[in-house]
Amino acid sequence: MQFPESWLREFCNPALSTQQLADTLTMAGLEVEELRPVAPPFSKVVVGEIKEAVQHPNADRLRVCQVDVGQGDLLNIVCGAPNARVGIRVPCALVGAELPPGEDGKSFLIKLGKLRGVESQGMLCSARELQLSEDHGGLLELAADAPLGQDIRQHLKLDDTLFTLKLTPNLAHCLSVYGVAREVAALTGAPLKEPSFRAASVAIKDVQAVKVSAPDLCGRFSGRIVRNLNTQAATPQWMVDRLARCGQRSVTALVDISNYVMFEFGRPSHIFDLEKIHGALDVRWGRSGEQLKLLNGNTVTVDQEVGVIADAHQLESLAGIMGGDATAVSDATRHVYVEAAFWWPKAIAGRSRRYNFSTDAGHRFERGVDPQTTVDHIERITQLIVEICGTPDTLCGPVDDQQVSMPVAQAVTLRVARAAKIIGMPITQAQCVGVFQRLGLPTTEGKGTLTVTPPPYRFDLQIEEDLIEEVARLVGYETLPHTPPQAPVTPKSRQENQRSPFAVRRQLADLGYQETINYSFVDERWEQELAGNKKPIRLLNPIASQMGVMRSTLLGSLLQVLKYNQDRKATRVRVFELGRVFLRDESVPDSHLTVKGFAQPMRVAGLACGPLNGLQWGQKEQPVDFYDVKGDVQALLSPLPVQFEVAEHPAMHPGRCARVLLKQEAIGFVGELHPRWRQSYELNQTPVLFELDLQAVLQREVPMAQTVTRHQFAERDLALVVRESISHADLMKAVYAAPTQGLLRDAVLFDVYRPKAGASVPGMSADEKSLAVRLTLGMDTATLTDEQIDQALRAILHQLAQDIGARQRV
């Protein structure tokens, strides 16, 4: 919420500086997010009137103006503004004036000079040149009665500060200038100027017929007819300025009046064109299929859960949110119907979000607006309408006030001892009574208790803790003692066979990956395409249509990051994420850490795309491939032995995907993105991805000291002929399965030979290949004999022949 400080001080003016006032509000829970001056600093800019404007003799687009600034002599000023004409009063920067700094950050000094040979004794200013707005279409035209020579800062009240408050949902009573002033009065003890609402003179008996058919939607509905208005009247400049400083642009006089009272007292209202209403109004719930064109131009379809105001022919308004276009006021409007109502917060909450927009009215009504002041605020609106749009023939009807279902205040009891315990400092009953009196809360005292009846504008006071919060706010959070915790803080020690998630992050960063953090809410399309999840976990109230389900894989988020970076010409992308995924699992019980039926494991996923290394002269650029990322996965899990086996994954290339096994258990996948998804997501290069279970990645072996053997190991090379279909994993599995009595220490494949097409190789057929394996044999207690080595080799060859049909190449 934004408002000018001067408006606040009209209701309550404590003896505090601007910064002190902001600090007081922040410490009371009304966080002041920003303090900003209404206008930047500038000097020697005054009100001037153009007395004469003639064409410049040497320029088609310039005029030579004679300007009166109240100094007796007229100033000769050259001006190029299209609206420079005789009789208007505008800001005039005198010689020596300093205007606000431009894009270079330097102030603009006005000097005596010549423009195309004509002397200019100053400068006539636009709003943009004074940085009051972005309007640079011409000079800033002032009121015709603006005092000549008066400092423009004083005339436009520019020495003011804009307060921007960041209010929590429970502070609905502070969504107005008067509401904030009421808090300031309670916090500082400064007097509060209570508003007085003078009743308008009732000259006609006309009443608009209204029926409230839904008391659970609308508790009170008040309205008045006002006839014979001049709706083309201009909004007064003081109101335009105040609305602008609240972040609201001026529209028309009637709309501005309604918005002004909303900012002033927190009461959203609506003004109907009376002649466009057909018959009686009916305040009711919508019906399926009914449509309404709103003031913002959107046409919405309502149902039984959305409140509406309807007449005999059509819907006229979205209750508590926005009016309809059919009864909108215009320049042709002569008679109006002014409405102010109390809408139940639960009946308004969430309705505007259904249609992907929000309004100031809905924002206030869904938090709660005082039901007791509808008539008073109609009187205030009527007063402003008559003052601004009134004519000699203007007539006001009586206020028709229907109270069908008013909220009943529920008393809340505060135990003083409990308040002291919760707040953490001694609190007396007298202090609590003083707090409630300053806040205007009716209080009944008991023995160690206080019973408070919340006023109608305080929807947030419902339980004892709400009252304790009020006491803490007004006593002052800064007065709370600094008490160290009494319980011993014992850090949880991590087991030696596990590492921390931070260590995993650091290792991936060392491998050249950058961490990303993404939403757990994703597009349903990702789940179906990348995870094969036909039944994702849906959100009841998603924050966006493309974020409607919970993710069961991290890959979609990483692909989104890749797409975002490639669209911005990033050629090399290496990213990872540690995050939680959400799976349906009926075996999961309900506890303080789990939700029944849903598993929430942590996973680590990575993506690499583009060149393997950054640009350099030492080697040619080559794209990252499956084996590069496979090596990163091995490095991440090292020194644990990792196995890879051919597999399929919905997101990955069917021929370039592997399942990752750790201790014979599957922990994830690694592979290239499926070509179909690369084309679908419009990626210019193919990424390689991996996704692993984080708990498995956190495992590590506890280091154990071992003696280094003093005996030399023996190495033997075997050239084996096998079928083309035999994989490296099949080969290694057979080698290590051989009964070598523990003599085999290592086996490494160091060569693969395939005959050229059409070539004949003795001892090999066309569907066979040759694999060369280096075996390392040895034991710790003695050097191996030739007989022991030969026996181990025979065992390995026998096992290879038995398991994969290998034979030794001759």
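In case you missed it, the structure is sitting above this.
The following refers to the structure shown. (Residues numbered from 1 in each chain as written. Predicted model: local features only at pLDDT ≥ 70, side-chain atom pairs only at ≥ 80, totals over all residues. Heavy atoms only, no water.)

### Some words on the overall build of the protein chain
- Tallying secondary structure elements over the protein chain gives 21 helices and 41 strands in all.
- Against the globule reference of 28 Å for 810 residues, the protein chain gives a C-alpha radius of gyration of 39 Å, more extended than a compact globule.
- The principal-axis extents of the C-alpha atoms in the protein chain amount to approximately 125 × 85 × 60 Å.
- Looking at the 810 residues of the protein chain, the share that counts as buried comes to 47%.
- About 42,000 Å² of surface is accessible on the protein chain, with carbon and sulfur atoms providing 50% of the total.
- Considering the protein chain, the positive charge centre built from 86 side chains and the negative charge centre built from 95 side chains are found 3 Å apart. (Helix = DSSP H or I, 4+ residues; strand = E, 2+ residues; numbered from the N terminus. Rg over C-alpha atoms; globule rule 2.2 N^0.38 Å. Buried < 20%, exposed > 50% of the residue type's maximum accessible area, 1.4 Å probe, protein only. Areas by Shrake-Rupley, 256 points an atom, 1.4 Å probe, with all protein chains shown as cover. Lys, Arg positive; Asp, Glu negative; His and termini not counted. Charge placed at Lys NZ, Arg CZ, Asp CG, Glu CD.)

### Some remarks on the state of the cysteines
- According to the stated counting rule, one finds zero disulfides in the structure shown.
- Note on Cys79: no disulfide assigned, nearest cysteine sulfur contributed by Cys65 at a separation of 5.2 Å.
- Of the cysteine sulfurs around Cys125, a residue in no disulfide, the closest is that of Cys92, at 7.2 Å. (Disulfide = S-S within 2.5 Å.)

### Considering the nonpolar core
- In terms of nonpolar packing, the biggest core is built from 69 residues, with Leu25, Leu414 and Phe436 touching the most fellow members.
- Here Leu414 is in contact with Ala419, Cys432, Phe436, Gly448, Thr449, Leu450, Glu464, Leu467, Ile468 and Val471, once residues within four sequence places are set aside.
- Grouped together as the second largest cluster of nonpolar side chains are 35 residues, Leu217, Leu281, Val300 and Ala310 included. (Core = buried A, V, L, I, M, F, W, Y, C linked by side-chain atoms within 4.5 Å. Contact = heavy atoms within 4.5 Å.)

### Some remarks on the sheet that holds strand E24 (residues 412–415)
- Pairing is antiparallel in the open sheet, where three strands are placed in the order E24-E26-E25. In this open sheet, the two edge strands, each paired with only one partner strand, are E24 and strand E25 (443–445). Averaged over all pairs of adjacent strands, the angle between strand axes in this sheet comes to 25 degrees, irrespective of strand direction.
- Note that E24 and strand E26 (residues 449–452) share four bridges and pair antiparallel. Bridging from a neighbouring strand, Arg415 pairs with Thr449 of E26.
- Of the strands in this sheet, E24, E25 and E26 are in contact with helix H12 (residues 429–438), which crosses E26 at around 15 degrees.
- Sheet strands in contact with helix H13 (residues 464–475) are E24 and E26, and its direction is about 60 degrees off that of E24. (Pairing = 2+ DSSP bridges. Axes fitted to C-alpha atoms, helices over the stretch in contact; angles between N-to-C directions.)

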